[in-house]
Amino acid sequence: DGEAFLTNGGQRGPQIELMLPGRYRLNTDLFSVDVQKAMVVQANQVGLVTAKDGAPLPPGELVALSVTGHNDFQDASSFLANGGQRGPQFDLLKPGTYYINPLMFDVKLDNVITVQRGEVAVLVSNVGKEPEDIPDAERLQGKERYVVPAGYRGIQAEVAGPGVYYLNRWAYIAYTIPTTNLTIDW
């Protein structure tokens, strides 16, 4: 309804809302439509999302805080209304089909992390609280300062065992370490 669009404050230019697949009757003198392909994340892939609009990232942060209610970045209005930040996003897209506004979000496909039997993945976190904020009680237990519990930046104390992990490589770096014994007889 073009008249309702104009009387309710509609503005010229690209719109944040999307038209999902279907049949529509549009006034082509008032609106033009740019058809884009849906974002498809295949099995064994993740979609790393970068927002082109939103609040700025806080100083020192590499990845935006997680925001709820945006339906996997398919509702850009809710993303902005709930405090979404511009830049690389902590949340990622798992395998599936998504209808995402390409003027609002960029999606880069990446492979999942697979840890085989006989290996572990040591995770280094780029997100979370600074290690200086670790309570003194934990530091006094003889733990090295550069190995941190979950929720802190740095080398994570817990390792990831064999399995498939949907990991955001902007937030975490995974180093795969073999754990099998090697016996050499000569």
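That block above? That's the structure.
No experiment lies behind these values; they were computed from the predicted model shown.

**Student:** I'd like to hear about the overall build of the chain, residue by residue, with values.
**Tutor:** Assigned secondary structure in the chain consists of three helices and 11 strands. Going residue by residue from the N terminus, the α and β elements of the chain occur as α-β-β-α-β-β-β-β-β-α-β-β-β-β. Taking 16 Å as the expected radius of gyration for a compact globule of 186 residues, we find that the chain reaches 22 Å, considerably beyond that expectation. Relative to its 186 residues, the chain shows a buried fraction of 26%. For the chain, restricting intrachain contacts to residue pairs at least 6 apart in sequence, the fraction spanning at least 24 positions comes to 79%. Summed over all atoms, the accessible surface of the chain reaches about 12700 Å², with 52% contributed by carbon and sulfur. For the chain, the centre of its 15 positive side-chain charges and the centre of its 21 negative side-chain charges are spaced 4 Å apart.

**Student:** Just give me the short version of unusual backbone geometry, but keep the residues and values in it.
**Tutor:** Non-glycine residue Asn71 carries a positive phi angle of around 55°. Inspection of the secondary structure puts Asn71 in the loop between strand 2 (45–51) and helix 2 (76–81). Located in the positive-phi region is Phe73, a residue other than glycine, with phi close to 65°. For Phe73, a relative accessible area of 2% puts it in the buried group.

**Student:** For the layout of surface pockets, give the residues involved together with the corresponding values.
**Tutor:** If you add up the space inside the largest pocket, you get close to 1300 Å³. Along the wall of the largest pocket there are 36 residues; nearest its centre are Gln15, Glu17, Met19, Ser32 and Val33. Of the residues belonging to the lining of the largest pocket, the class tally is 20 nonpolar, 10 polar and six charged.

**Student:** Explain the sheet that holds strand 3 (residues 87–93) to me, using residue names and the numbers behind them.
**Tutor:** Read from one edge to the other, the open sheet built from three strands follows the order 3-2-5, with strand pairing classed as antiparallel. The strands lining the two open edges of the sheet, one partner per strand, are strand 3 and strand 5 (105–111). Pairs of neighbouring strands in the sheet enclose a mean axial angle of 30°, with direction left out of account. Here strand 2 pairs with strand 3 via four bridges, running antiparallel.

**Student:** Account for the pattern of salt bridges, with residues named and values stated.
**Tutor:** Taken as a whole and assessed by the stated rule, the structure comprises four salt bridges. Lys52 is paired through a salt bridge with Asp106; the nearest N and O atoms lie 3.4 Å apart. Of this pair, Lys52 sits in the loop between strand 2 and helix 2 while Asp106 sits in strand 5, and the two are 54 residues apart along the sequence. By relative accessible area, which is 40% here, Lys52 ends up partly exposed. It is possible to trace a salt-bridge network through shared partners that takes in Glu61, Glu130 and Arg153.

**Student:** Explain the side chain of His70 to me, using residue names and the numbers behind them.
**Tutor:** Mapped onto the secondary structure, His70 falls in the loop between strand 2 and helix 2. Using a relative accessible area of 5% as the deciding quantity, one classes His70 as buried. Setting aside its immediate chain neighbours within four residues, His70 contacts Asp75, Ser78, Phe79 and Asp91.

**Student:** Tell me about the nonpolar core, and please be specific about residues and values.
**Tutor:** Side chains of a nonpolar character, in soluble globular proteins, are inclined to be buried together. Grouped together as the largest cluster of nonpolar side chains are 11 residues: Val41, Val49, Ala51, Phe73, Ala76, Phe79, Leu93, Tyr98, Ile100, Met104 and Phe105. Elements with a minimum of two residues in this core: strand 2 and helix 2. With residues up to four places along the chain from it excluded, the contact list for Ala76 reads Ile16, Met104 and Phe105. Val115, Ala121, Ala160 and Leu167 belong to the second-largest nonpolar core, a separate cluster that totals six residues.

Cut-offs used in this document
Residues numbered from 1 in each chain as written. Predicted model: local features only at pLDDT ≥ 70, side-chain atom pairs only at ≥ 80, totals over all residues. Heavy atoms only, no water. Helix = DSSP H or I, 4+ residues; strand = E, 2+ residues; numbered from the N terminus. Rg over C-alpha atoms; globule rule 2.2 N^0.38 Å. Buried < 20%, exposed > 50% of the residue type's maximum accessible area, 1.4 Å probe, protein only. Contact = heavy atoms within 4.5 Å. Areas by Shrake-Rupley, 256 points an atom, 1.4 Å probe, with all protein chains shown as cover. Lys, Arg positive; Asp, Glu negative; His and termini not counted. Charge placed at Lys NZ, Arg CZ, Asp CG, Glu CD. 1 Å grid on protein atoms, 1.4 Å probe; cavity = no way out; pocket = protein on both sides within 12 Å on 5 of 7 lines; lining within 4 Å. Points joined across faces, edges and corners; volume = space filled by probe spheres on them. Nonpolar A, V, L, I, M, F, W, Y, C, P; charged D, E, K, R; others polar. Pairing = 2+ DSSP bridges. Axes fitted to C-alpha atoms, helices over the stretch in contact; angles between N-to-C directions. Salt bridge = Lys/Arg side-chain N within 4 Å of Asp/Glu carboxyl O. Core = buried A, V, L, I, M, F, W, Y, C linked by side-chain atoms within 4.5 Å.

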